[in-house]
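If you want the building blocks of each chain, they are given just below.
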Amino acid sequence: MNALTLPDIAAQASRQALPLDWVGMCGIALPILIDGQRLSARADAGVSLDDGEARGIHMSRLYLALEMLEQQALTPALLRNVLQRFLDTHEGLSKNAYLRIHTDLLLKRPALVSPLAGWKSYPVSIEARLENQMFHVELKIDVTYSSTCPCSAALARQLIQQQFLEDFGNTPLQHEDVLTWLGSANGIVATPHSQRSSAQLHVHLQGEHLALTDLINDAEAALGTAVQTAVKRADEQAFALANGQNLMFCEDAARRLNLALKRSDAVKAFHLKVIHAESLHAHDAVAESRWTRHSA
Ligand SMILES: Nc1nc2c(ncn2[C@@H]2O[C@H](COP(=O)(O)OP(=O)(O)OP(=O)(O)O)[C@@H](O)[C@H]2O)c(=O)[nH]1
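Residues numbered from 1 in each chain as written. Predicted model: local features only at pLDDT ≥ 70, side-chain atom pairs only at ≥ 80, totals over all residues. Heavy atoms only, no water.

### Quick look at the UniProt feature "site: May be catalytically important" (unreviewed entry) in the protein chain
Phase 1 of the analysis: As recorded in UniProt, the sites labelled "site: May be catalytically important" (unreviewed entry) are Cys149.
Phase 2 of the analysis: If you trace the backbone, cysteine 149 turns up in the loop between β5 (134-148) and α4 (150-168).
Phase 3 of the analysis: According to the relative accessible area criterion, cysteine 149 is buried, its value standing at 9%.
Phase 4 of the analysis: In contact with cysteine 149, other than residues within four places in its own chain, are Pro192, His193, Gln195, Met248 and Phe249. (UniProt positions renumbered as here; feature names shortened; annotations may be inferred. Helix = DSSP H or I, 4+ residues; strand = E, 2+ residues; numbered from the N terminus. Buried < 20%, exposed > 50% of the residue type's maximum accessible area, 1.4 Å probe, protein only. Contact = heavy atoms within 4.5 Å.)

Listed below in structure tokens is the structure:
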């Protein structure tokens, strides 16, 4: 059986001579290394098929080039090497090479007050391409946070004032009575609506640093009320305070993220989208922002 020559269909001429933009494989299982963590990932690997006469590309050569990602930490330089391998093994067939990697980055986050910590998972896509000899790396990162509506907070405060007038309008104020009232249900007769919100960051990188963890940390610091992991009552109370001090429309969140990403040296350009999944209504409040660094 082995003595037979194996038929090689990919080497045949194409019936329709037509180049193709992207040919490859999607959803390849792959272990990768980021910040010392081995993560389970899925890769989409492809090249352009510029020789329209060729029937097909050599899928196995792309697949085997991905082995480079198993042992070395993921960096822009490593991604570039993999893409160059794609092209070197498709000489005469392909000019452009593409690699997308999808994974969930895990970061350990401390509780706000108690000495606890827990893991948070961040869905991440890393997209690299070598097109006309130009190399690009882009990151897509999702960051989840809590937002409380500033308008709703003001409306709730007004109702609390009205309730105060109703309960104390005609009586001389006693410190003890007011303190008790503040701790009662009447003292917080209305609550502002708040929501679990998400920021989708699409970042075009520059430099030699993948910067994933730094960008997530910068985004969470800018937002101020990232969702928590391990939570005791003391942590929940601190989170309630943090939200009360951090009232946010989706526009506020988008502006804060814009400023934070611009400050990062790793960022060449970005498109960000924040989604506040409103509890006030069944649709979302959304804001987007784009920016490109103009080098001096
Ligand atoms: N091009 C192409 N290959 C496919 C497709 N589906 C499955 N394959 C298979 O992918 C396998 C690997 O292809 P190649 O990389 O050309 O394998 P090979 O000819 O043994 O390897 P080389 O000697 O390096 O060219 C082949 O058995 C193909 O049949 C497809 O849609 N397109």
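### What about the packing of aromatic side chains?
The way to describe two aromatic rings as a pair is by their centre distance and the angle between their planes.
Phase 1 of the analysis: Summed over all chains, the structure comprises four aromatic pairs.
Phase 2 of the analysis: Among the aromatic residues, those joined into a cluster by ring pairs are Phe164, Phe168 and Trp181. (Phe/Tyr/Trp six-rings, centres within 6.5 Å; stacked < 30°, edge-to-face > 60°.)

### Regarding the site of the ligand
Phase 1 of the analysis: In the vicinity of the ligand, the residues found are Asp8, Gly56, Ile57, His58, Met59, Ser60 and Arg61.
Phase 2 of the analysis: Between the ligand and the protein, one listed contact pairs an oxygen atom with a backbone N or O atom of methionine 59 at 3.4 Å.
Phase 3 of the analysis: Contact between the ligand and serine 60: an oxygen atom at 2.5 Å from a side-chain N or O atom of the residue.
Phase 4 of the analysis: Its free accessible area being 650 Å², the ligand has 41% of it covered by the protein chains.
Phase 5 of the analysis: For the shell around the ligand, the per-class residue count stands at two nonpolar, three polar and two charged. (Near = heavy atom within 4 Å. Polar contact = N/O pair within 3.5 Å; in protein donor to acceptor, adjacent residues only side chain to side chain. Areas by Shrake-Rupley, 256 points an atom, 1.4 Å probe, with all protein chains shown as cover. Nonpolar A, V, L, I, M, F, W, Y, C, P; charged D, E, K, R; others polar.)

### Examining the sheet that holds strand β1 (residues 20-34)
Phase 1 of the analysis: Taken in spatial order, the eight strands make up an open sheet running β1-β2-β3-β4-β5-β6-β7-β8, and their pairing is antiparallel. The two strands at the open ends of the sheet, each matched to only one other strand, are β1 and β8 (285-292). Here the average twist between neighbouring strands, direction ignored, is 15 degrees.
Phase 2 of the analysis: As judged from the 11 bridges shared by β1 and strand β2 (residues 37-49), these two strands associate in the antiparallel manner. Counted as the bridge partner of leucine 33 is arginine 38 from β2.
Phase 3 of the analysis: Helix α8 (residues 250-263) contacts β5, β6 (194-205), β7 (267-276) and β8 of the sheet and is inclined by roughly 160 degrees relative to β7. (Pairing = 2+ DSSP bridges. Axes fitted to C-alpha atoms, helices over the stretch in contact; angles between N-to-C directions.)

### Some words on the pattern of salt bridges
Phase 1 of the analysis: One pass over the full model with this rule turns up six salt bridges.
Phase 2 of the analysis: In this structure, the salt-bridge partner of glutamate 220 is lysine 120, at a minimum N-O distance of 2.9 Å. Taken together, the positions of glutamate 220 in helix α6 (residues 212-223) and lysine 120 in strand β4 (residues 117-131) put the pair 100 residues apart, joining distant regions of the chain.
Phase 3 of the analysis: Classification of glutamate 220 by relative accessible area gives buried; the value is 12%.
Phase 4 of the analysis: We classify lysine 120 as buried; its relative accessible area is 9%.
Phase 5 of the analysis: Notably, a salt bridge pairs glutamate 131 with arginine 129, separated by 3.2 Å at the nearest N-O pair.
Phase 6 of the analysis: Sharing partners across several salt bridges, the network here consists of Arg109, Lys120 and Glu220. (Salt bridge = Lys/Arg side-chain N within 4 Å of Asp/Glu carboxyl O.)

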